[in-house]
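# Structural features, examined
Listed here are the chains, written in short residue letters.
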Amino acid sequence: MSSTTVAEPNAHESLTSPQAQLNSFDATTRAAALATLRARAHAAPAPWQPVCNMHCHTFFSFNAYGYSPTGLAWLAREERWPLMGLIDFDVLDGVDEFLSACDDVGVRASCGIETRVFFPEFSTRETSSPGEPGVTYFIGLGFISSTVPDAAQPMLAHLRSASRARNLGVVERVNAHLAPIAVDYERDVLPLTPNGNATERHIVEAYITAVEAGADDVVGFWAQRLSMSNDDVVKMMVSPSAYRNTVRMKLMKKGGVGYVQPGSGSFPSIDEVTNFVVQCGALPCVGWVDGYSVGEQAGDELLATLVAKGFAIANIVPDRNWNFADPAVRAAKAQKLDEFIAQCQALDLPLNIGTEMNSPGNKRMDDFDVPELDKHRAAFLDGAYFIYGHTAMQRYAGMGYQSAWAQQQLPTRRARNAFYTAVGKAVEPGPDGAARLAAVDATMTPGAIL
């Protein structure tokens, strides 16, 4: 099914329907809803489609459709998407739930974390964080649990607490600008989250609610505070996605009253977070935008620096690399995408791709059939099978990409890529796959395992 024809979650469901309850903030309710839907499910569903979405935020950070980890797993099962990946900002809260739910519905899964870090080698150049030289988006992929090793716990706690501190600063500055309208972080923002990890997008929702409830003239209020005409505000408010994205951009991004330019002390260093990811047995991942920033234009240098730090995979959000109405822009963006993929393949970096789903307007699934993406379909799918293969081997045998076994038996990235991709294709999710992997041990060679 095309990504544009999937119904909005809960759009035609009562709050007591199992489909709606998949996205309840209560974990017991979500689990019961999944069990109900599985019991009702057709015994012979349609074949899986040759697609994947390995970058989906959940409501543990922000999902524009309200999906929980369980809700995403069921979406993949119903739409016949065989591979799906969770990535949340600053937390691993959804990992255990997502892996379990995907096992239950037969979806190959991976789990990751996304955050921002300071990148000293590119301290004067912008890379993946617009307008912020030295700051880059960092992704770790292939986590197998919401619980991390003792040595990794301080960094995970820091990511959560630092995010909260930044949010409190944003709210304080925006409250001053929007007075007498104000939001209270504890009262108005945190209830929008299931486990206390709010993002700027939650804060935007709280402000929109507060303004619409408290302003006598909503259009006039926004026109004054966002420096827009009344007509432009009316046009903005017609589209829920434009409404939210504009309020966020005007108030909280660069140039807005809530924004503070980050520096070297604003985020942990890239090496510190790389160490955290490796301690968890997961893989540091390059976060790439579109090849137009100064840092990304130095693609060979950027990738060489990150590979030397132990980065093992690269993330792409394909829709922002081809989906433009202007044919010239579309062609130029697609050319940059082709070039980046070629660079990754020359360095034996598998690809992790997805739509994010954390911004209004994001698709649930990429349009794999467009020429710009179809020619890379095999590489995209291999990357998805690769990270699932690592996840499965690490979960059930402790023999993932970072393991001592892998370092000894598969000393090159190319060899590891081929092995974990083959495992990902061979091992079904769920009890049967777990049972097969339970028979694997570190005395076996890669060939014997396959």
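Keep in mind that what you see is a predicted model, and the values were worked out from it rather than measured.

So, about the pattern of salt bridges. Tallied over the full model, the rule gives 25 salt bridges. Between Asp382 and Lys425 there is a salt bridge, with its nearest N and O atoms 2.9 Å apart. Of the two residues, Asp382 is situated in helix α16 (residues 377-397) and Lys425 in helix α18 (residues 413-426); the sequence distance between them amounts to 43 residues. Judged by relative accessible area, which is 31%, Asp382 ranks as partly exposed. Assessed through its relative accessible area of 45%, Lys425 is described here as partly exposed. Each of Glu121, Asp271 and Lys309 takes part in salt bridges that share partners, so that together they form one network.

The next point concerns the state of the cysteines. A complete count under the given rule lists zero disulfides for this structure. Summary of cysteine pairing: Cys280 is not part of a disulfide, and the nearest cysteine sulfur, belonging to Cys111, is at 12 Å.

With mixed pairing, the seven strands of this open sheet are ordered in space as β1-β2-β3-β4-β5-β6-β7. Of all strands in the sheet, those bounded by a partner on one side alone are β1 (52-56) and β7 (351-353). Mean inter-strand twist for the sheet, computed between neighbouring axes without regard to direction, equals 30 degrees. Inspection of the sheet shows strand β6 (residues 313-316) paired to β7 by three bridges, in the parallel sense. Looking across to β7, one finds that Asn315 is bridged to Asn352.

Parameters and conventions
Residues numbered from 1 in each chain as written. Predicted model: local features only at pLDDT ≥ 70, side-chain atom pairs only at ≥ 80, totals over all residues. Heavy atoms only, no water. Salt bridge = Lys/Arg side-chain N within 4 Å of Asp/Glu carboxyl O. Helix = DSSP H or I, 4+ residues; strand = E, 2+ residues; numbered from the N terminus. Buried < 20%, exposed > 50% of the residue type's maximum accessible area, 1.4 Å probe, protein only. Disulfide = S-S within 2.5 Å. Pairing = 2+ DSSP bridges. Axes fitted to C-alpha atoms, helices over the stretch in contact; angles between N-to-C directions.

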